[in-house]
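Topology and contacts: notes
Now for the letters of each chain:
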Amino acid sequence: MNAPALKFAANLSWLYTDLPFLDRFAAAAADGFQGVECLFPHEHPRAEIAARLRDLGLQLVLFNAEPGNWAAGERGLASLAGREADFQASITQALALADTLACPRVHVMAGLCNDADRPQAWARYEANLRWAVGQARQAQCTLMIEPINGRDMPGYLLQRQADAHTLVERIGSPHLQVQMDLYHCQIVEGDLTTKLRQWLPSERVGHLQIAAVPDRGEPDQGELSYSHVFAELRALQWAGWIGCEYRPRQAGPGGTSAGLGWLREAQL
């Protein structure tokens, strides 16, 4: 069986940051990307985003639901006490936006907690996700949960792949999947080849993301061999999107494009 071609999506919140957000779509298309993702499209006019996707032939493959007050330090609402109404409003709004932008996946951030509150936070997280999955089923959209390393985001509730998979399996809906960011996974757990072989065949992984470790730059330096990772993904018949959520090492105009040698090699 021939391996499917790897599909890379430019994360427009991390790449092309020398340009205004709405101009990043054209820059990504000019560099050959057919898919894009971003963190918070609700901060920009949805009609303008929709027009750029349509005119450039791009697909928006993932974005985040509103995570609460980001400037005040909130990193998701799904596990927070007393924020159920805010969480439900964020999901309702995100699913409506996903429908407008024809985006099939929405990332739902878990939120921060302290160790003493972890059992209660986890119970709230699961209860809120169960409600949200019912809404996603009606909207024909898939919600994603992503383990995030505690070094970059101290106190984040969901940090390990097994915890995410256990929760997705327990809820048991095709409208809830794991967003497997290989940067975060390497920092928290390592042993990526084994993790990919373990989790990708489960069909619970709906999206991948990549960046170098430890500097979160282009996936062509550091302790991870992405040539090996990409070969492994082909062997595992990965046909989903791979989000490029990294920080280009070359700052300033043209820095993202100048660092895309790894992408050309990966697509050979």
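In this report, the structure presented in the accompanying data block is examined. (Residues numbered from 1 in each chain as written. Predicted model: local features only at pLDDT ≥ 70, side-chain atom pairs only at ≥ 80, totals over all residues. Heavy atoms only, no water.)

1. Some points on the packing of helix H4 (residues 118-139) against helix H5 (residues 161-171)
Direction vectors running N to C along H4 and H5 enclose 50 degrees, while the axes themselves pass 11 Å from each other. Comparing the axis directions of H4 and H5 gives the class oblique. As H4 packs across H5, the resulting crossing turns out to be right-handed. Contact residues: Trp-122, Tyr-125, Glu-126, Leu-129, Arg-130 and Val-133 in H4; Asp-163, Leu-167, Arg-170 and Ile-171 in H5. Considered class by class, the residues forming the contact of H4 with H5 number 6 nonpolar, no polar and 4 charged. (Axes fitted to C-alpha atoms, helices over the stretch in contact; angles between N-to-C directions. Helix = DSSP H or I, 4+ residues; strand = E, 2+ residues; numbered from the N terminus. Parallel < 35°, antiparallel > 145°, perpendicular 65-115°, else oblique. Left-handed = near helix turned anticlockwise from the far one by under 90°. Contact = heavy atoms within 4.5 Å. Nonpolar A, V, L, I, M, F, W, Y, C, P; charged D, E, K, R; others polar.)

2. Looking at the environment of Arg-151
Tracing the chain through its elements places Arg-151 in the loop between strand E5 (142-145) and H5. Taking C-alpha positions, Arg-151 is 25 Å from Arg-197, a pair spaced 46 residues apart along the chain. Contacts of Arg-151, omitting those with residues within four sequence positions, involve Tyr-183, Ile-187 and Pro-214.

3. Regarding empty space enclosed by the protein
Across all of its chains, the model carries 1 cavity of 30 Å³ or more by this definition. Along the walls of the largest cavity sit Ala-65, Glu-66, Pro-67, Gly-76, Leu-77, Ala-78, Phe-87, Ser-90, Ile-91, Val-108 and Met-109, which together make up its complete lining. Of the residues assigned to the lining of the largest cavity, the class counts are 8 nonpolar, 2 polar and 1 charged. (1 Å grid on protein atoms, 1.4 Å probe; cavity = no way out; pocket = protein on both sides within 12 Å on 5 of 7 lines; lining within 4 Å. Points joined across faces, edges and corners; volume = space filled by probe spheres on them.)

4. Things to note about the layout of surface pockets
Here the largest pocket is characterised by a volume of approximately 330 Å³. As for the largest pocket, its lining consists of 20 residues, and the residues nearest its centre are Trp-14, Trp-70, Met-153, Arg-216 and Glu-245. Classifying every residue of the lining of the largest pocket by side-chain character gives 9 nonpolar, 5 polar and 6 charged. Estimated volume of the second largest pocket: approximately 180 Å³. Along the wall of the second largest pocket there are 14 residues; nearest its centre are Ala-5, Leu-6, Lys-7, Phe-8 and Gln-267. Elements supplying a minimum of two residues to the lining of the second largest pocket: strand E1 (7-11) and helix H10 (261-266). Of the residues assigned to the lining of the second largest pocket, the class counts are 9 nonpolar, 3 polar and 2 charged.

5. Comments concerning the side chain of His-175
Within the secondary structure, His-175 sits in the loop between H5 and strand E6 (176-181). Residue His-175 is classed as buried on the basis of its relative accessible area of 12%. Within the local environment of His-175, its side chain forms a polar contact with the backbone oxygen of Cys-141, the two atoms lying 2.9 Å apart. Beyond its immediate sequence surroundings of up to four residues, His-175 is in contact with Val-133, Ala-136, Arg-137, Gln-140, Cys-141, Thr-142 and Leu-143. (Buried < 20%, exposed > 50% of the residue type's maximum accessible area, 1.4 Å probe, protein only. Polar contact = N/O pair within 3.5 Å; in protein donor to acceptor, adjacent residues only side chain to side chain.)

6. Observations regarding the sheet that holds strand E8 (residues 241-244)
Ordered by their spatial adjacency, 8 strands build a closed barrel running E1-E2-E3-E4-E5-E6-E7-E8, and the pairing between neighbours is parallel. Averaged over neighbouring strand pairs, the angle between their axes works out to 30 degrees when direction is ignored. Of the strand pairs in this sheet, strand E7 (residues 205-210) and E8 are connected by 3 bridges, and their pairing is parallel. Opposite Leu-208, over in E8, you have Ile-242 as the bridge partner. Contacting strand E3 (59-64), strand E4 (105-107) and E5, helix H3 (residues 84-101) runs over the sheet at an angle of about 170 degrees to E3. (Pairing = 2+ DSSP bridges.)

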